Amino acid sequence: MRKIDEIYNIVKEMEKDKLQGVSAIDVSGVIGLTRSNVSRYLNQLYKENKLIKISGRPVLYKTPNYKEERNSRNLEFKENNDGFNKMAGAKQSLSLPIEKAKSAIMYPPKGLHTLILGETGVGKSLFAEQMYNFAIKSRILDKSAPFIRFNCADYVDNPGLLTAQIFGVKKGAFTGADRDRDGLLRQADKGILFLDEIHRLPPQGQEMLFTYIDNGVFRPLGDTGELISVDVRIIAATTENPNSYLLQTFSRRIPMIIKLPSLDERCLQERYSLINAFLKEESHRIGTSIYINKNSIISYLLYDCPNNIGQLKSDIQLACAKAFLNYKSTQDNFLIINQRDIPNHVRKGMLKINEFRKEIDELLLNTSDILQFSTKEEMPLQLIYEQENINDDFYDTIEQKMKNLKNLGMSESEINEILNIDIESQFRKYIGAISRKVRREELLNIVNKTVLETVEEVLLLAKKVLDREYSERIYFGLSLHLERSIERIRKGEKIFNPKLNFIRINHEREFLFAMKVAKIIDTKFDVETPVDEIGYLAMFFAQESLESSVQEQSKVKIIVAMHGKSTASSMVEVVNSLIGEEYIIGIDMPLTMKPQIMYEITKSMIKEVHQGKGIILMVDMGSLTNFGHMISEETGIDVRTIDMVSTLEVLDLGRKAIMGYSLDEIMSYTMKSLNKKLEYNNSIKIDNLSSELDVKRDVFITACFTGDGSAKKIADILVKKIDLQSIDIIPINIIHERTLAERIGEMKTKYNILGIISPMDIKYPGIPYISAIDIFTREGEEILLDIIQEEEMYKKIGDSIREHLNHVNGSRLIYDVKELIKVLEVELDRHISMDVQMGIALHICFLIDNLIEGNSPRVFEDLNKFKMDYRSEMAVVKKCFGSLEIDNKVSLGDSEIAYIVKLFIENNISVQ
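Residues numbered from 1 in each chain as written. Predicted model: local features only at pLDDT ≥ 70, side-chain atom pairs only at ≥ 80, totals over all residues. Heavy atoms only, no water.

Below, the discussion takes up the packing of helix α11 (residues 268-286) against helix α12 (residues 294-302). Two elements in contact, α11 and α12, have axes whose closest approach is 9 Å; the angle formed by their N-to-C orientations is 120°. The angle between α11 and α12 places the two elements in the oblique class. Both α11 and α12 take part in a crossing whose hand is right-handed. Contacts from Leu268, Arg271, Tyr272, Ile275 and Leu279 of α11 reach α12 at Ile297, Tyr300, Leu301 and Leu302. Here the residues of the contact of α11 with α12 are counted per class, giving 8 nonpolar, no polar and 1 charged. (Axes fitted to C-alpha atoms, helices over the stretch in contact; angles between N-to-C directions. Helix = DSSP H or I, 4+ residues; strand = E, 2+ residues; numbered from the N terminus. Parallel < 35°, antiparallel > 145°, perpendicular 65-115°, else oblique. Left-handed = near helix turned anticlockwise from the far one by under 90°. Contact = heavy atoms within 4.5 Å. Nonpolar A, V, L, I, M, F, W, Y, C, P; charged D, E, K, R; others polar.)

Right, dumping it as structure tokens:
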């Protein structure tokens with residue numbers, strides 16, 4: 001039997017037990033082949049439509065019989081994601097609790113027991129239910145898995161009965177125990193037991209619970225026989241102070257502790273979302289729309305609500321009940337809540353209006369004096385953009401947003417105001433960077449011949465009518481755009497241009513010409529071009545500047561705050577001098593300064609320097625460690641905190657921020673470095689650690705204006721031209737609320753991105769860019785093949801040096817070094833051949849290993865003279881090697897830095 005057939009049969013057999021799918025590692029363990037060889041066979045079976053592929057880490061495979069089940073699984077994951085996201089504050093004060101909750105559920109092999117802390121009414125029970133729903137929908141628990149809820153406070157006067165309820169009871173254990181009874185722990189087998197008010201559990205019950213948590217077994221009350229084993233995840237909740245003796249005891253045994261914020265700790269936006277939800281809930285219950293005056297809303301936003309969300313809901317229900325009574329008794333046409341309907345303690349919230357005037361004005365901007373909450377509304381308006389799915393086609397995205405807004409009863413003028421996006425800048429971004437000459441025969445591979453001829457005719461006419469020369473970038477961009485537009489018009493798909501009126505007024509000449517072009521298109525393709533599409537065509541002809549203007553991208557900002565008169569400022573001075581730029585900001589906190597004053601200074605600085613990409617707050621200890629989370633809640637700025645920092649860490653993160661790394665990328669790198677330090681401190685052997693590289697898929701990214709035009713066509717051409725084996729292609733669009741750099745950074749954490757192919761020049765640190773035009777040429781094919789070959793070479797080197805390195809994981813280190821070399825080529829403006837790259841990579845890997853072992857570095861001859869001659873190159877290499885030194889706890893020294901600089905200088909290839 002052929003190996004490929006044998007592997008196919010193994011997948012069919014294994015998927016009976018592995019419902020989620022079978023990975024290459026699973027098959028490798030059965031058949032005895034390496035994972036890479038198995039992966040190649042699995043991808044071949046996928047190309048032959050004998051298997052289906054499920055994206056993820058790791059990639060999973062199934063036979064087509066399981067396709068329906070796979071789709072169901074994906075749908076459930078989407079629903080699951082909506083579960084937590086629909087909670088008010090999911091992206092604000094609850095973001096960390098939700099992240100911890102998901103981690104507790106997903107943690108292998110059986111999740112983590114969890115303790116939820118929070119005041120009465122903060123939603124601990126609801127949060128526990130969401131954890132259960134997440135476990136069900138993500139297939140961690142079976143659909144039939146039980147969720148048992150039990151409040152220990154219900155039996156506070158009878159501790160023996162309380163213990164018996166949880167653990168069960170043996171007949172005769174106490175008076176009234178006339179038979180054996182199973183406890184809640186046994187009833188919750190294979191599921192979750194939620195124990196509310198866990199601090200009410202008596203000492204005997206605590207010991208029994210601790211025995212189960214530690215060993216997975218227990219005995220019913222009064223039973224001395226065989227221990228009972230069950231598989232139950234414990235979620236406990238309490239209102240007790242976390243510093244109490246009881247909770248300290250629990251904390252030692254329950255690994256995941258989640259603190260839910262009180263209502264006072266949440267921002268006004270979150271409280272407004274809760275008010276929104278509760279009023280809509282009452283509207284559904286009553287069966288009619290609820291109107292409420294703005295002052296009443298303000299009162300609910302600002303009043304003191306000591307019992308948190310539960311009390312807020314009750315106070316809203318009370319006002320609705322009073323208004324409903326008046327609505328029925330007077331037979332009014334509207335059910336409206338006025339100040340007289342809300343409780344007196346709620347009305348007192350208006351007394352704080354001056355204190356929160358700015359926040360209230362921003363929150364209720366553009367709202368009328370009377371707000372409507374209708375039974376037809378399914379979600380607040382502000383949640384539409386947060387919850388909708390990302391769509392690669394920007395036409396579809398605009399159309400969907402328009403439908404959503406129409407469904408909320410908004411007028412056309414209001415919709416146009418909301419959708420007033422800056423499409424002009426996107427057009428400049430799309431067509432502004434296409435600079436290489438396009439051969440007509442190459443463009444025919446992706447664009448219909450008639451479309452191409454039409455574009456040529458139109459541009460010749462434009463030159464005559466508009467007296468303007470158009471470059472080939474316009475030629476290329478307009479061709480791709482027109483191809484997709486005609487397809488949409490023929491399918492009857494609506495095209496919407498929210499900037500249409502602006503284009504008519506500000507580009508009147510081009511718009512009139514675009515109308516003539518539309519007639520040509522209609523005649524040639526037997527379609528009827530809508531006026532919105534004419535607006536888009538006009539924007540192509542309005543591109544007067546053929547040179548793309550590259551604006552400096554906003555970046556993550558870093559602030560260092562530390563105790564002492566000059567601790568932070570001194571550290572920052574050193575780091576900025578090494579970086580060569582006054583980028584990082586230091587804030588000193590003298591020991592005599594009150595934390596409240598330091599908090600306001602830090603918050604003010606964050607608001608001043610924030611560029612829209614987030615803030616990293618690096619602190620030493622104490623109250624400063626809490627500032628980031630609090631400032632995030634108050635300002636809405638994404639602030640991440642890193643404590644116990646050193647000068648090297650500030651230097652390394654500052655370097656990454658300046659290079660344009662996203663906030664998530666920097667934090668992901670930081671967590672990775674922290675894990676490495678923990679592994680080192682606990683003497684865990686590095687070679688036994690699993691590497692992320694083993695589970696990341698190799699991908700090429702193709703990018704274009706819509707994600708649906710040239711990006712997909714380029715992907716199709718690549719598949720036909722080049723044997724990509726197990727490499728996938730992911731088309732993306734550039735029209736999106738988040739920047740392209742942010743999305744690439746996020747994808748980089750999931751995939752091993754080999755290159756970005758696009759008609760526009762997209763630069764990202766460490767990732768090669770290939771012009772879309774180049775792939776039609778032999779030279780372009782060779783570039784792609786070189787990248788693939790280079791990737792294979794690095795994999796082979798990583799595998800081969802693992803057994804020769806004593807202190808580092810070669811497979812992991814080689815990829816860190818590979819990315820470092822790519823960055824160095826850009827930073828040093830020198831290009832080196834693949835052979836030399838491999839040599840430098842091997843040199844660095846063995847160098848790191850030797851330094852860890854304690855061997856002395858080599859001495860570079862005439863070091864001082866070399867440093868003087870190549871001062872800037874030495875500084876660049878030293879800066880780029882910072883993270884590698886931190887990760888591996890070594891220092892290369894000036895001599896080794898000089899050798900590496902010399903290798904780049906002597907092996908530089910001049911780029912034609």
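Although it is not a glycine, Arg139 sits at a positive phi angle of roughly 65°. Here Arg139 falls in the partly exposed class, since its relative accessible area comes to 25%. We note that Glu197 has phi near 50°; this positive angle belongs to a residue other than glycine. Summarising the element assignment, Glu197 is placed in the loop between β5 (192-196) and α9 (203-215). Here Glu197 falls in the buried class, since its relative accessible area comes to 14%. (Buried < 20%, exposed > 50% of the residue type's maximum accessible area, 1.4 Å probe, protein only.)

Let us look at the confidence of the model for the chain. The predicted model of the chain averages 76 in pLDDT, with 79% of residues at 70 or higher. Long-range and interchain partners of residues 544-552, a stretch whose pLDDT sits below 50, account for 10 contacts in this model, where long-range means more than four residues apart. (pLDDT = per-residue confidence, 0-100.)

Our focus in this paragraph is the nonpolar core. Membership of the largest hydrophobic core comes to 41 residues, with the highest contact counts inside it found for Leu824, Phe881 and Leu892. Those elements that provide at least two residues to this core are α33 (778-801), α34 (810-828), α35 (834-853), α36 (863-869), α37 (871-880) and α39 (893-906). Per-element tally for this core: the top contributor is α35, with 10 residues. Membership of the second largest hydrophobic core comes to 36 residues, among which are Leu500, Val517, Val527 and Leu537. (Core = buried A, V, L, I, M, F, W, Y, C linked by side-chain atoms within 4.5 Å.)

One open sheet holds the 4 strands; their spatial order is β14-β13-β15-β16, and the pairing between them is parallel. Either end of the sheet is taken by a strand with one partner, and the two such strands are β14 (585-589) and β16 (639-642). For this sheet, the mean inter-axis angle between neighbouring strands, taken without regard to orientation, is 20°. Two strands pair when backbone bridges link them, and strand β15 (residues 615-619) and β16 are joined in this way by 4 bridges, in the parallel orientation. Paired with Ile615 across the strands is Val639, a residue of β16. On the sheet, helix α27 (residues 595-609) packs against β13 (557-563), β14, β15 and β16 and is oriented at approximately 170° with respect to β14. (Pairing = 2+ DSSP bridges.)

Here the focus is the sheet that holds strand β8 (residues 233-238). One open sheet accounts for 5 strands, arranged β4-β5-β8-β3-β9; its pairing is parallel. The open sheet has two edge strands with one neighbour each: β4 (147-151) and β9 (256-259). Put simply, the sheet's adjacent strands are angled 15° from each other on average, direction ignored. For strand β3 (residues 114-117) and β8, the ladder comprises 4 bridges, and the chain directions are parallel. Of the residues in β8, the one forming a bridge with Leu115 is Ala236.

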